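The residues making up each chain are set out below.
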Amino acid sequence: MASSETEIANLALGHLGQSVEISNLQTTRTPEAIALRTIYDTMRRATLRDFAWPFAHKIAALGLVTTYGVDTDHPTSEYKYAYRVPSDCLIIRKLQSGVNPDNRQSRIPFKISRDATGGLILTNLEDAIAEYTIDIEEVEKYTDDFVLAFSLRIAMYSAPKICGEDPFGMGKRAANMYRYEIENAKNNAFNGEQQEEDPASELERSRA
């Protein structure tokens, strides 16, 4: 597990075949450090959005803003309720349906919008509870698979600057590895959960 932003940056350089190392991502003035520092935060948020990482997962009741037919400033007649997007939310994953395990038929439709104050979640679900990903900056909270994926995402986007237009395709290689690591992280997360069995599957097994 990485212990600092600098360690993640140096992992990214390693993915690009660079032997140089950065002593401190925030203060080093080398071209490599500047290139990685420029995109570090953007790549962190993008990597968090790409998968529902368990360490960044949160469940919270949403704050109601307006209701159709009650509040004159309700933004749409398509959805009955408008809730405020939580201030720590990076991306909404789903609204809890009360069905376990959740499936395509039970998933609650919603739409992201905004007003003058901030983001809104539009839905027909009363007393909505959301599951979402939060932005975590503290490196010590990252899992090993996130660190690896994050460093690969940094590598793929910084390759043109660091590798001189990347004649050997190191950025493309990092992109392929990134996709693999995201799939690997999904499998790890799935294996770490114990879902209730679908009643239909249980019935089918009992008939076998």
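Details of the structure are given in the entry above.
Residues numbered from 1 in each chain as written. Predicted model: local features only at pLDDT ≥ 70, side-chain atom pairs only at ≥ 80, totals over all residues. Heavy atoms only, no water.

Chemist: Looking at this model, I keep getting lost on the sheet that holds strand β1 (residues 57-61). Mind explaining?
Modeler: Where strands meet in a sheet, backbone hydrogen bonds hold them as pairs that are either parallel or antiparallel. Read from one edge of the open sheet, 3 strands run β1-β7-β4, paired in antiparallel fashion. Each edge of the open sheet is held by one strand with a lone partner, namely β1 and β4 (89-95). On average, each strand axis in the sheet is tilted by 35 degrees relative to the strand beside it, whichever way the strands run. Here β4 pairs with strand β7 (residues 129-134) via 5 bridges, running antiparallel. Bridged to Cys89 within β7 is Ile134. Relative to β4, helix α2 (residues 31-49) is tilted by about 5 degrees, and along the sheet it contacts β4 and β7. (Pairing = 2+ DSSP bridges. Helix = DSSP H or I, 4+ residues; strand = E, 2+ residues; numbered from the N terminus. Axes fitted to C-alpha atoms, helices over the stretch in contact; angles between N-to-C directions. Contact = heavy atoms within 4.5 Å.)

Chemist: Can you walk me through the environment of Leu90 in this structure?
Modeler: Along the chain, Leu90 falls in strand β4. In this structure, the C-alpha to C-alpha distance between Leu90 and Leu25, residues 65 residues apart in sequence, is 24 Å. With residues near it in sequence (within four places) discarded, Leu90 still touches Arg45, Leu48, Arg49, Thr133, Ile134 and Asp135.

Chemist: Where do I start with the pairing of β7 in this structure?
Modeler: A regular strand places its side chains so that they alternate between the two faces of the sheet. Burial analysis of β7 places 5 of its 6 residues in the buried class, which makes it a mostly covered element. Of the pairings in the sheet, the one linking β1 to β7 comprises 5 bridges and is antiparallel in character. Bridge pairing links Lys58 to Tyr132 in β7. (Buried < 20%, exposed > 50% of the residue type's maximum accessible area, 1.4 Å probe, protein only.)

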